[in-house]
Amino acid sequence: MTGHPLLPTDAPVSLLDTAETAIDGELAVELYRRMVLARRFNRQATALTLQGRLSVYPSSAGQEAVAAAVTLALAEEDWLFPTYRDTAAVVLRGVDPVQAVTLLRGDWHHGWDPGAHRVAPLATPLATQTAHAVGLAHAAALAGDDLAVLALIGDGGTSEGDFHEAVNLAAVFRSPVVFLVQNNGYAISVPLSRQSAAPSLAHKGIGYGVPGVLVDGNDALAVHRVVDEALTRARRGGGPSLIEARTYRIDPHTNADDATRYRADEEVAEARRRDPLPRLERHLRERGLLDDATVRAASVAAEALAAVLRDRLADEPRPDPADLFTHVYATTPPHVAEQRRVLTGEAGR
Amino acid sequence: MTGATMVHALNQALGDAMAADPAVHLLGEDIGTLGGVFRVTDGLAGRFGGDRVTDTPVAESGILGMAVGMAMYGLRPVVEMQFDAFAYPAFEQLASHVAKMRNRTRGALPMPITIRIPYGGGIGGVEHHSDSSEAYYAHTPGLLVVAPATVADAYGLLRAAIEADDPVVFLEPKVLYWAKGQWDPAAPVPPLGRAAVRRRGTSASLVTYGPMLPVCLAAADSARQSGWDLEVVELRSLVPFDDETVAESVRRTGRAVVVHEASGFAGFGAEVAARIGERCFHYLEAPVLRVTGFDVPYPPPLLEHHHRPGVERILAAVARLQWESEWREPAR
Ligand SMILES: Cc1ncc(C[n+]2csc(CCOP(=O)(O)OP(=O)(O)O)c2C)c(N)n1
Ligand SMILES: [Mg+2]
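Residues numbered from 1 in each chain as written. Chains lettered and ligands numbered in written order. Predicted model: local features only at pLDDT ≥ 70, side-chain atom pairs only at ≥ 80, totals over all residues. Heavy atoms only, no water.

(A) Representation of the overall build of chain A in the model. Across its full length, chain A holds 13 helices and seven strands. Taking 2.2 N^0.38 as the reference for a compact globule, 349 residues should give roughly 20 Å; the C-alpha atoms of chain A span a radius of gyration of 21 Å, in line with that estimate. The principal-axis extents of the C-alpha atoms in chain A amount to approximately 70 × 50 × 40 Å. The long-range fraction of contacts in chain A, counting pairs at least 24 apart against all pairs at least 6 apart in sequence, stands at 78%. As displayed, chain A has an accessible area near 14,200 Å², and 53% of this comes from carbon and sulfur atoms. Taking the 35 positively charged and 45 negatively charged side chains of chain A as two groups, their mean positions are separated by 2 Å. (Helix = DSSP H or I, 4+ residues; strand = E, 2+ residues; numbered from the N terminus. Rg over C-alpha atoms; globule rule 2.2 N^0.38 Å. Contact = heavy atoms within 4.5 Å. Areas by Shrake-Rupley, 256 points an atom, 1.4 Å probe, with all protein chains shown as cover. Lys, Arg positive; Asp, Glu negative; His and termini not counted. Charge placed at Lys NZ, Arg CZ, Asp CG, Glu CD.)

Given below as structure tokens:
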């Protein structure tokens, strides 16, 4: 057994707005900086869908505390397994912003070298990435490499069979995986109450012997602390954990969604009052950990990121249709090669 | 007659089926409050209540497995899979139970389940939102596979699918969701397994289904300029397969091109071509050709137009139907 408590606390772990004093100011400012970048990225990407320059964008506005905390807690040798909602986290991990939006722009299915940044492709089929995370972690452990893997998943995704199989597999193999559920209240239109009857999603670990941690997902400091602990334990051979970060999806599911069909404006307005970004800013300013110059610098960096996305997206070349045939197989079978000739011939006409 | 989009026709078919038979229950992701991501179930939860139009957790295997149990208890579940590729987690339930339960129990446990799947591309969907998975289903004994291509059929065939005592995979071509047309809710529910000749012609038969029907009709229109008078046969139902209508057409025209959006290799078109060969060999002036999507994973939005068969590719295939034999004919 892990020796670690399996059940989460009743109240989410929280550091902001508490008596907690042991706050690392430098770390807190870095979290803030990352959240400002992530928020600006979400806003810019959403704007690009309106201009038709991205096919679709699932915004993580409101969830930036998780993206910031996770990317800061991950070590360079660790791996991140993101979902379609996590482009901002992928960018914070260091992936080129234009490469990060390849799937959403529609020029290819994926844009970056997964090994270079240790970031798996965005997973669209829900929960499938959680088992991949276990496999990679298992292989790393077999190789004797001290690294951890963090798999992101949504609240809705925890209803899929793959999630449960993955958590169980990780437990049985004591794989160094941290499953982080971003509970943003909805799976498209379906609220959490119609998704799960468990006291919390972190409770789902106990049946598999995996410790569950419930954390305030709008508290970047708290998320960072619990993720950091879980990753450290995983790297030391302490096995997997399951973290539920309670947050809120401020934007619609994607730009194509009409959220007014299933949730009240007041609910969103209330969530905005708990917006993790102003909340952290207020907290840090009150403690004298954040000054105007730092805030300005963060905003300048965020504008630069947005400009990179805007400008470079306009420049990128159109995809080559012949690429459709290039990577289907290691060795292209004759019938596929023939189809490439047909298409190239059509294009030449 | 009622007129509107295919989405409206499907919506009315569901509503009318539910009104006609209290055993009809809808299950799926986002089908209640939201009315489905394509709005096919819009308003039905309000009209029939949450016990009959149920928003489920995100768990396709579980949803279809539940439908099996509900069918065992006498209900007639209609399941919505949100997108083609998101039906894959349910494949085990589909292949191992939905398709086999009747046979396993010698008819004691029929599975009158309808599995609605928005399918195919052409709407700019990112990866996993544009698959054409009909071959997997058609290959599975025990499943009926239906794909409407007209607004009238969307209504009629969905009513027929729900009334069928066998499980039906009901493939709704996304690209035609907003096509407009008319349907007659008072018309008798059509039988499954009948193809339709959508355009009469004499030169060659285009045999197609689902999203490729309008493309084939457009191809037939432009073929006139080349002097070809093409017949267009729409299958409507892949399983059961209407050999009679297809063979009758090909025997008349002597030439056939099978057109579908799905990849060609081991695709449904291979079945169609083989059946035509088996029945029309002595009537054929040329081998049966196929025009299909390429054998590649469905492309990203900016490249999908290269993949989906278009008028040009269909006409190029028609041109390869050995027309020179027409000129040699008198000499034989
Ligand atoms: C297997 C599968 N089924 C259905 C979908 C369609 N779908 C996309 S997002 C989504 C909701 C997921 O909600 P959640 O896991 O809470 O993540 P969030 O979108 O809130 O980040 C659904 C049902 C999918 N992508 N994959
Ligand atoms: Mg969610």
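(B) Examining the overall build of chain B more closely. Each helix and strand in chain B was counted, giving 13 helices and 14 strands. Against the compact-globule benchmark of 20 Å for 332 residues, chain B has a radius of gyration of 20 Å, which places it among compact chains. Taken along its principal axes, the extent of the C-alpha atoms in chain B is 70 × 45 × 40 Å. Contacts in chain B between residues at least 24 apart in sequence constitute 82% of all its contacts with a sequence separation of at least 6. Summed over its atoms, the accessible surface of chain B is roughly 12,700 Å², and 54% of this surface lies on carbon and sulfur atoms. If the 29 positive side-chain charges of chain B are averaged to one point and the 38 negative ones to another, these points end up 5 Å apart.

(C) Inspection of the pattern of salt bridges at higher detail. A complete count under the given rule lists 39 salt bridges over all chains for this structure. Arg-235 of chain A is paired through a salt bridge with Asp-78 of chain A; the nearest N and O atoms lie 2.6 Å apart. One end of the pair, Arg-235 of chain A, is in helix H9 (residues 220-235); the other, Asp-78 of chain A, is in the loop between helix H2 (64-73) and strand E1 (79-81), with 157 residues separating them in the sequence. Across this residue pair, the class does not change: Arg-235 of chain A and Asp-78 of chain A are buried. Salt-bridge contacts for Glu-80 of chain B lead to Arg-116 of chain B; the nearest nitrogen and oxygen are separated by 2.8 Å. Taken together, the residues span a long stretch of sequence, with Glu-80 of chain B in strand E4 (residues 76-80) and Arg-116 of chain B in strand E5 (residues 114-119) at a distance of 36 residues. (Salt bridge = Lys/Arg side-chain N within 4 Å of Asp/Glu carboxyl O. Buried < 20%, exposed > 50% of the residue type's maximum accessible area, 1.4 Å probe, protein only.)

(D) Seen up close, the site of ligand 1. By nearness alone, 21 residues border ligand 1, and Tyr-84, Arg-85, Gly-156 and Gly-157 of chain A together with Glu-60 of chain B come closest of all. Per-site note: the chains with residues close to ligand 1 are chains A and B. Contacts to ligand 1 include Asn-184 of chain A, whose side-chain N or O atom sits 2.8 Å from an oxygen atom. A distance of 2.5 Å separates a nitrogen atom of ligand 1 from a polar side-chain atom of Glu-60 of chain B. (Near = heavy atom within 4 Å. Polar contact = N/O pair within 3.5 Å; in protein donor to acceptor, adjacent residues only side chain to side chain.)

(E) Focus on the nonpolar core. Core analysis: the largest hydrophobic core is formed by 69 residues, its most contacted members being Tyr-32, Val-70, Leu-150, Leu-180, Val-227, Ile-243 and Leu-280 of chain A. Element by element, the count of residues in this core is highest for helix H1 (residues 25-50) of chain A, at 11 residues. If we ignore the near neighbours within four places in the chain, the residues touching Leu-280 of chain A are Leu-16, Ala-28, Leu-31, Tyr-32, Met-35, Ala-220 and Leu-221 of chain A. Formed by 62 residues, the second largest nonpolar core is a distinct cluster that contains Ala-149, Leu-289, Ile-314 and Val-318 of chain B. (Core = buried A, V, L, I, M, F, W, Y, C linked by side-chain atoms within 4.5 Å.)

(F) How the structure looks around the sheet that holds strand E2 (residues 149-154) of chain A. Residue and element names in this part refer to chain A. The strand order across the open sheet formed by five strands is E1-E2-E3-E7-E6, and the pairing between neighbours is parallel. In this open sheet, the two strands that pair with only one neighbour each are E1 and strand E6 (212-216). Between one strand axis and the next, the sheet turns by 20 degrees as a mean value, whatever way the strands run. Relative to strand E3 (residues 177-183), E2 is paired through six bridges, and the arrangement is parallel. Counted as the bridge partner of Ala-151 is Phe-179 from E3. (Pairing = 2+ DSSP bridges. Axes fitted to C-alpha atoms, helices over the stretch in contact; angles between N-to-C directions.)

(G) How the structure looks around the coordination of the magnesium ion (ligand 2). Residues and elements named next belong to chain A. The magnesium ion (ligand 2) binds to the protein through Asp-155 (OD), Asn-184 (OD1) and Tyr-186 (O), with metal-donor distances spanning 2.0 to 2.1 Å. When the donors of the magnesium ion (ligand 2) are listed by position in the chain, the intervening gaps give D-x28-N-x1-Y. You'll find Asn-184 and Tyr-186 in the same group, each marked buried. (Donors = N, O, S within 2.8 Å, 3.2 Å for Na, K, Ca; no water.)

(H) Looking closely at the domain arrangement of chain A. Residue and element names in this part refer to chain A. If you check the domain split of chain A, you get domain 1 (25-318) and domain 2 (319-349). The gap between the C-alpha centroids of domain 1 and domain 2 is 36 Å. Tallying the contact residues gives four residues for domain 1 and four residues for domain 2. When domain 1 packs against domain 2, the two sides together hide about 330 Å² of surface, and 75% of this comes from carbon and sulfur. Of all residues in domain 1, Asp-107, Trp-108 and Arg-318 bury the most surface against domain 2, accounting for 98% of the area lost on that side. At the surface where domain 1 touches domain 2, the tally comes to zero salt bridges. On the surface where domain 1 and domain 2 come into contact, there are zero residue pairs in polar contact (both at pLDDT 80 or more). Across the side of domain 1 that touches domain 2, the residue classes break down as two nonpolar, no polar and two charged. (Domains from an automatic or database assignment. Buried area = accessible area lost by both parts, 1.4 Å probe. Nonpolar A, V, L, I, M, F, W, Y, C, P; charged D, E, K, R; others polar.)

(I) Representation of the interface of chain A and chain B. Counting residues at the interface gives 38 residues for chain A and 35 residues for chain B. Here chain A packs against chain B, burying approximately 3,100 Å² in sum over the two surfaces, 63% of which is carbon and sulfur. Three residues stand out in chain A for area buried against chain B, namely His-109, Arg-261 and Leu-324 of chain A, and they jointly supply 21% of the buried area on that side. Run the count over chain A and chain B and you get two salt bridges. On the surface where chain A and chain B come into contact, there are 10 residue pairs in polar contact (both at pLDDT 80 or more). For the side of chain A that touches chain B, the secondary-structure elements that each account for two or more residues are helix H5 (102-105) and helix H13 (334-348) of chain A. Ranked by residue count, the leading element in the side of chain A that touches chain B is H13 of chain A, at five residues.

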